[in-house]
Each structure stands twice: as C-alpha cells, then as structure tokens.
Amino acid sequence: MNVLPSLSEHYTDPKTYPPGVAFLDGQYLPISEAKISVLDYGLLHSDATYDVVHVWNGAFFRLENHLDRFFAGLEKLHMSIEYDRGQVIEILHNCVALSGLKNSYVEFICTRGMSPTFSRDPRHAVNQFIAFAIPFGSVANPEQMKHGLNAAISSLVRIPPKSVDPTVKNYHWLDLVKGLYEAYDRGADTAILIDENGNVSEGPGFNIFAVINGRVLTPRFGVLLGITRQTVFDICTNLEIDCSAVDIPQDQLLGADEIFISSTAGGIMPVTKVNGQSIGSGTPGQITNQITMSYWELHKEENKRMVVRYLDDK
Ligand SMILES: *Cc1c(COP(=O)(O)O)cnc(C)c1O
C-alpha cells in the first residue's frame, strides 16, 4: 500500500469509463478494471454503506467529517473493514494521487461482501472495502447552476427512518430513482421527496433548504445529515443568518423566497422552480448566492483541507 504503482500503461476506454482509479481487493486499478462479484450482498441486497468526499484544487474538503460518518455507519450496520482510519486516508489519497485529478469525486464503500458458502446469515459474509476517485461531478450542470434547477415534488414517500436509518449513507435509492423518472415525465430536472408526515425530506443525493423571511430552514427529520448541510449551518453562523432544522410542510416550500440544495457532488445549487411554479423571483436568490460563494471560499481554509501529493509534485 505504500508503493504507488504506475497505472499509465493501462488503457481506460473514454467512451465507457470516466478516467479514474479504484482500490479493490487490496490493489489500485484503473477504474475500468475495478469489478465486484455478482455474489456480493452489496449488490444483491443493497447491503452496503458509503461516503463521498470531494477534492477541490488538489485538496480534500472536510475529509475528517466524511470519515466520522463512514465509520459510524459501519458500526451501525455491524460491519468492519481491515483498514483503520489512517489507512483509509492513505488509500483515498493514493486513488486521487494516481488519478492525477485536481478536482475529484471520491467514493468509498463497505459492502457486506460475500460468504464463502453463500450463507444467508450476514455474519458469515466477509465485508469488503472499495474506494475510487473519478472526475468531480455535480447534481446540477452549468446551465442549471446559472438559472436554477426545476424540481418536482414526487408522489413517493421517502423510505421512512423507522425502516432504514437515513443517517447511514446507503444505496436504498429506488424511491429516489422513481422520483427522478416522475420528474422527467413532468419536464423537471430533479425530484424532491416528502416524508411520511407530508413534510419535505430530501432528493437523490442532496439535502434541501428553503429561505423564508430571511431565515434558512432545512428538514430536521428523515434525512442524511449531509456534510454540506453542516457546512451551510457553519456558513450561516459566520454570516449571522438564522439557520434551523425544522419540519417544512410541502406548501411552505412552494411559498419559499428561495430554495437551494446541498451535496458534496456540486456544493450549493439553486432551485428556481418547483412543480412548475417559480420560486421567489424565479432566479437564484441573494442568500443562496451568498452561501454558495462562502462555500467555495471555505475550501481555502487550512483546517478544512487535506492536500494531495500528486506523482509529479516535487
Ligand atoms: C450524500 C447524500 C446527501 C448529501 O450529503 P453530503 O454529505 O452533503 O454530500 C443527502 N441525501 C442523501 C440521500 C445522500 O445520499
């Protein structure tokens, strides 16, 4: 693990795979060669947890927070990996360094793995740690960043926290994916799901915020505690904007002055239309823009960065 192999002789088909590097079975591989067994319960039962951190301008942002969430998830799911925190940092670092990507989407996963006898007892499975670095990706494309996303409130209820713990980042995405298809049918870009009480919950890989009368509000219940969501709380404290986790009924969202979403994949992204209705002025709002600027400014703070040493660094 200490030796960085050269991956340059490997060919990655640009039509099929993004450039990138994975760590699987104790080895670094070009992303195109990183494949798991069809018998892995991560695939068969969505029995897995994961996290996504990004690298921006050659440094990880808030990696420690992502690691805290990942290791807490492992514990809650009775999983364990053969690498400690320091080794996971080294693996993630090496994936990015080998990829050469200065802006990267870095995912790390623990699957239940497979059991040698195909036993249905999850205790018999050998948990598997996988990581990969690919180019930075965003929920919103440049056009949507500029003009705002058009979201549709889904008819589906987000999988209840009494069924699946939403604070463990997971692949129970069938409600979110179905929500996306509903949204596309209605000419929207993305979906917002409601919780079992009729309040706003979250969307496919992002948390949701509403700005109402100068206050920034986000759902308190049934959501992943996003690291970007936490960063929004921190930014609001700095900017002396009131920010609270509360119940947000659907109607309140539709009447908001501004809406934005947050994710490691893209940061802070404006939403200017919900269910075909313009939000506020119909353009990205002032508080949204202020928080977005602060978010990228924060990436320069030493205590939130972990610099990547690339192979060509001297
Ligand atoms: C990853 C994710 C988010 C956003 O979390 P960040 O830590 O900010 O990237 C929100 N909701 C769901 C369901 C997610 O999977």
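Residues numbered from 1 in each chain as written. Predicted model: local features only at pLDDT ≥ 70, side-chain atom pairs only at ≥ 80, totals over all residues. Heavy atoms only, no water.

1. A word on the pairing of strand β11 (residues 215-219)
Of all the five residues making up β11, four are buried; the element is thus mostly covered by neighbouring parts of the structure. Inspection of the sheet shows strand β10 (residues 206-212) paired to β11 by three bridges, in the antiparallel sense. Bridging from a neighbouring strand, Ile212 pairs with Arg215 of β11. Following β10, the chain reverses through two residues before pairing antiparallel with β11; Asn213 in that reversal takes a positive phi of roughly 50°. In terms of strand pairing, β11 meets strand β12 (residues 243-246) through four bridges, oriented parallel. Following the sheet pairing, Thr218 is matched in β12 by Ala245. (Buried < 20%, exposed > 50% of the residue type's maximum accessible area, 1.4 Å probe, protein only. Helix = DSSP H or I, 4+ residues; strand = E, 2+ residues; numbered from the N terminus. Pairing = 2+ DSSP bridges.)

2. Some remarks on the domain arrangement of the protein
In many reports, interface size means the accessible area that the parts give up when they come together. Structurally, the protein comprises domain 1 (17-135) and domain 2 (142-298). Centre-to-centre, using C-alpha coordinates, domain 1 lies 26 Å away from domain 2. Together domain 1 and domain 2 conceal approximately 1,800 Å² of surface at their shared face, both sides included; 62% is due to carbon and sulfur atoms. Ranking the residues of domain 1 by area buried against domain 2 places Tyr50, Arg62 and Arg69 at the top, with a combined share of 37%. On inspection of domain 1 and its partner domain 2, the count reaches one salt bridge. Asp234 is the partner of Arg62 in a salt bridge, and the nearest nitrogen-oxygen pair spans 2.9 Å. Our enumeration of links across domain 1 and domain 2 arrives at eight residue pairs in polar contact (both at pLDDT 80 or more). If you list the elements that add at least two residues to the side of domain 1 that touches domain 2, you get β3 (48-56), α2 (63-76) and β5 (104-114). It is β3 that contributes the most residues to the side of domain 1 that touches domain 2, eight residues altogether. (Domains from an automatic or database assignment. Buried area = accessible area lost by both parts, 1.4 Å probe. Salt bridge = Lys/Arg side-chain N within 4 Å of Asp/Glu carboxyl O. Polar contact = N/O pair within 3.5 Å; in protein donor to acceptor, adjacent residues only side chain to side chain.)

3. Here we look at the packing of helix α6 (residues 227-239) against helix α8 (residues 286-298)
One way to put it is that α6 packs onto α8 with a least axis distance of 10 Å and a crossing angle of 105°. It follows from the interaxial angle that α6 and α8 lie roughly perpendicular. Contacts from Thr228, Thr231, Val232, Ile235, Cys236 and Leu239 of α6 reach α8 at Gln290, Ile291, Ser294, Tyr295 and Leu298. Residues that form the contact of α6 with α8 fall into these classes: seven nonpolar, four polar and no charged. (Axes fitted to C-alpha atoms, helices over the stretch in contact; angles between N-to-C directions. Parallel < 35°, antiparallel > 145°, perpendicular 65-115°, else oblique. Contact = heavy atoms within 4.5 Å. Nonpolar A, V, L, I, M, F, W, Y, C, P; charged D, E, K, R; others polar.)

4. Quick notes on the pattern of salt bridges
Scanning the entire structure with this criterion turns up twelve salt bridges. Its salt-bridge partner being Asp47, residue Arg112 comes within 2.8 Å of it at the nearest N-O pair. Of this pair, Arg112 sits in strand β5 while Asp47 sits in the loop between α1 (41-44) and β3; the two residues are 65 residues apart in sequence, bridging distant segments of the chain. The two residues Arg112 and Asp47 agree in class, both being buried. Ionic pairing is found between Arg158 and Glu202, a salt bridge with its closest N-O pair at 3.1 Å. Here Arg158, found in the loop between β7 (149-157) and α5 (174-185), pairs with Glu202, found in strand β9 (residues 202-203); they are 44 residues apart in sequence, far enough to count as distant.

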